[in-house]
Amino acid sequence: MGLFDIFKKKETESTPDTKASEQRELNEGLQKTKEGLFGKLARAVAGRSHVDEEVLDQLEEILITSDVGVETTVKIIENIEARVARDKYMNVSELKAILRDEISLLLRESEGSQENFGLDPREGTPYVVMVVGVNGVGKTTTIGKLAAQLHKAGKKVYIGAADTFRAAAIEQLEVWAERAGATIVKQSMGADPASVAYDTLKSAVANKADIVLIDTAGRLHNKIGLMNELTKIRNVMAKVIPDAPHEVMLVLDGSTGQNAFEQARQFTQATQVSSLAITKLDGTAKGGVVIGISDRFRIPVRYIGIGEGIDQLKIFDRKEFVNALFSE
């Protein structure tokens, strides 16, 4: 069972009370984004009876300043303009509902762009996830939270400390591995990252692990160096498990706004990113970045971080996300 499938299964088993509680937690986590986006929108349409060019100009500015991104914002505005032209008249109370539809549609399109995501690996072979992202985005924390949740779900988890350029990265992973009940494979600082990945997979196979999470160094100062390093890690892992890694997860800090777009661009050029985890959404009004990055790069957002707790790394659900943004 794939990593995404495990959490999806848990989600479908949730009781109505649990689902309601999780939706409230998501609403609270996205509160700043909602206030930033719809607070501005409410002020823009105050006293207006219908949607005109001036309202749409203000909506465009609001979406861009909420870090939805220029390309995605233009797409949303053009679609709304087409509906205004078709219907001849649109009142401002309808605008919010139409905006909700457009955002939901954009997320659905990118969500469906990875039809093969979550396929089961070969029977008896660990599911390997290579985690990439720059330092400081919450990569180590995301790995730790995933490991803890997977261990809780009854999975045997191995973590490979292949970010060997920072002693702190190895130490943090050790703390998380112990907390999560996972097994960590490490070498000394400065060791070859590919060697760590190789050792991790060999040990995971020998000990019949279910999931392997491989941390990697997050340096962007030399894109060619990054590409070569990630390619080497992939090639070495494939010597142990031919189709590894089964998934490359890019971790982005949602609070960095447009910097997250640039990081997504560089990492998608450097390696084959198959999923996204967007962290720190609870402390920012820039949650619109989820919409823009998902639309622009056509990579599904699989996890979002809405707090410091282990259980506050959530599987991304398009409908729940939109409901939280548009909740009263």
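Up top you'll find the structure we're talking about.
Everything numeric in this text was worked out from a predicted model, so none of it was measured.

A. Region of the structure containing the side chain of E102. Summarising the element assignment, E102 is placed in helix α6 (residues 92–111). A relative accessible area of 8% places E102 in the buried class. The residues contacting E102, other than those within four sequence positions of it, are I76, N79, I80 and R83.

B. Layout of the sheet that holds strand β3 (residues 183–185). Within the open sheet, the eight strands sit side by side as β3-β2-β4-β1-β5-β6-β7-β8. Their pairing is mixed. Single-partner strands in this sheet number two, and they are β3 and β8 (313–315). Across the sheet, the axes of successive neighbouring strands diverge by a mean angle of 25°, strand direction being ignored. Those strands touched by helix α12 (residues 289–297) are β5 (247–253), β6 (275–279) and β7 (301–305), and its axis lies near 165° from that of β6.

C. Highlighting the packing of aromatic side chains. Tallying each qualifying case throughout the model produces one aromatic pair. With centroids separated by 5.2 Å and ring planes inclined at 55°, the aromatic side chains of F316 and F321 adopt a geometry described as tilted. The burial state of F316 is the same as that of F321; both residues are buried.

D. Representation of the packing of helix α7 (residues 139–152) against helix α8 (residues 167–180). At a closest axis distance of 9 Å, the pairing of α7 and α8 adopts a crossing angle of 15°. On the basis of their axis angle, the class for α7 and α8 is roughly parallel. As for how α7 packs across α8, the hand of that crossing is right-handed. Of α8, the residues touching α7 (which contributes T140, T141, I143, G144, K145, A147, A148 and H151) are Q172, L173, W176 and A180. Within the contact of α7 with α8, the residues separate by chemical class into six nonpolar, five polar and one charged.

E. Broad picture of helix α13 (residues 318–325). Burial analysis of α13 places six of its eight residues in the buried class, the great majority of the element. Considered for burial, the residues of α13 that qualify are R318, E320, F321, V322, A324 and L325. Where α13 begins, one side-chain oxygen reaches toward the backbone nitrogen of K319, 3.0 Å away; that side chain belongs to D317.

Cut-offs used in this document
- Residues numbered from 1 in each chain as written.
- Predicted model: local features only at pLDDT ≥ 70, side-chain atom pairs only at ≥ 80, totals over all residues.
- Heavy atoms only, no water.
- Helix = DSSP H or I, 4+ residues; strand = E, 2+ residues; numbered from the N terminus.
- Buried < 20%, exposed > 50% of the residue type's maximum accessible area, 1.4 Å probe, protein only.
- Contact = heavy atoms within 4.5 Å.
- Pairing = 2+ DSSP bridges.
- Axes fitted to C-alpha atoms, helices over the stretch in contact; angles between N-to-C directions.
- Phe/Tyr/Trp six-rings, centres within 6.5 Å; stacked < 30°, edge-to-face > 60°.
- Parallel < 35°, antiparallel > 145°, perpendicular 65-115°, else oblique.
- Left-handed = near helix turned anticlockwise from the far one by under 90°.
- Nonpolar A, V, L, I, M, F, W, Y, C, P; charged D, E, K, R; others polar.
- Polar contact = N/O pair within 3.5 Å; in protein donor to acceptor, adjacent residues only side chain to side chain.

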